[in-house]
Amino acid sequence: MDQAELTAELMKHRRAFQEFADGKPRWVMKADDIPWPSEAVLKAEVDLDTDQEKAVRELQRRWHPDRFMNKYRSRVCGKEAEEGVSAKVTDVAAFINKLKMEAQS
């Protein structure tokens, strides 16, 4: 993926996540209904920021499993869906922690 495609993908994800965070759609039925960032998008969020450590901290706040579940749990229907969302956000957080380690080296 070249730089222009990556930037376009990043902007597309930012818009989708903002709509989700703003409550559109209001209800989430399962993990697949959430606009999850790809690893490429997460990496671009960090790489394109002049302050990479700050970018990583922002991603960690947004995708921290406990914070995320506390904020959006009410929009998830059912225990099975909640477990799927929790597992996915944990995977995203783990990748962000990997980016943090790379940024520090």
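In this text, all values refer to a predicted model and were calculated from it rather than measured experimentally. (Residues numbered from 1 in each chain as written. Predicted model: local features only at pLDDT ≥ 70, side-chain atom pairs only at ≥ 80, totals over all residues. Heavy atoms only, no water.)

## Notes on helix α4 (residues 65-72)
Three or more residues of α4 are buried, namely P65, F68, M69 and Y72. The arc that holds the buried residues of α4, viewed along the axis, is 95 degrees, so those residues lie on one side. Opposite the buried face of α4, by more than 90 degrees, sit the exposed residues D66, R67, N70 and K71. On its buried side, α4 packs onto α1 (3-21), α3 (52-63) and α5 (79-104). (Buried < 20%, exposed > 50% of the residue type's maximum accessible area, 1.4 Å probe, protein only. Helix = DSSP H or I, 4+ residues; strand = E, 2+ residues; numbered from the N terminus. Arc of directions from axis to C-beta. Contact = heavy atoms within 4.5 Å.)

## Points about the packing of aromatic side chains
Across all of its chains, the model carries eight aromatic pairs by this definition. For the ring pair W36 and F68, a centre distance of 5.6 Å and an interplane angle of 35 degrees mean the geometry is tilted. A residue pair is termed long-range when its members are at least 10 positions apart, and W36 in the loop between α1 and α2 (39-47) and F68 in helix α4 qualify at 32 residues. For F68, a relative accessible area of 1% translates into the label buried. Ring geometry for F68 versus Y72: centroids 4.8 Å apart, planes at 55 degrees, classification tilted. In this pair, F68 and Y72 both sit in helix α4, four residues apart, roughly one turn of the helix. Cluster of aromatic residues (ring-pair linked, three or more members): F17, F20, W36, W63, F68 and Y72. For the cation-ring pair, R75 lies above F20, with the distance from its terminal atom to the ring centre recorded as 4.3 Å. (Phe/Tyr/Trp six-rings, centres within 6.5 Å; stacked < 30°, edge-to-face > 60°. Lys NZ or Arg CZ within 6 Å of the ring centre and 35° of its normal.)

## Here's the deal with the pattern of salt bridges
For the coordinates displayed, the defined rule picks out five salt bridges. Residue D33 is joined to K30 by a salt bridge in which the shortest nitrogen-to-oxygen separation is 3.6 Å. By relative accessible area, K30 is classed as partly exposed at 44%. Measuring nitrogen to oxygen at the nearest pair gives 3.0 Å for the salt bridge that ties E82 to R73. Using a relative accessible area of 22% as the deciding quantity, one classes E82 as partly exposed. (Salt bridge = Lys/Arg side-chain N within 4 Å of Asp/Glu carboxyl O.)

## Thoughts on the packing of α1 against α2
At their nearest, the axes of α1 and α2 sit 9 Å apart, and the two run at 100 degrees to each other. Judged by the inter-axis angle, α1 sits roughly perpendicular to α2. Touching L6, E9, L10, H13 and R14 of α1 are A40, V41, A44 and E45, all from α2. The residue makeup of the contact of α1 with α2, split by class, is five nonpolar, one polar and three charged. (Axes fitted to C-alpha atoms, helices over the stretch in contact; angles between N-to-C directions. Parallel < 35°, antiparallel > 145°, perpendicular 65-115°, else oblique. Nonpolar A, V, L, I, M, F, W, Y, C, P; charged D, E, K, R; others polar.)

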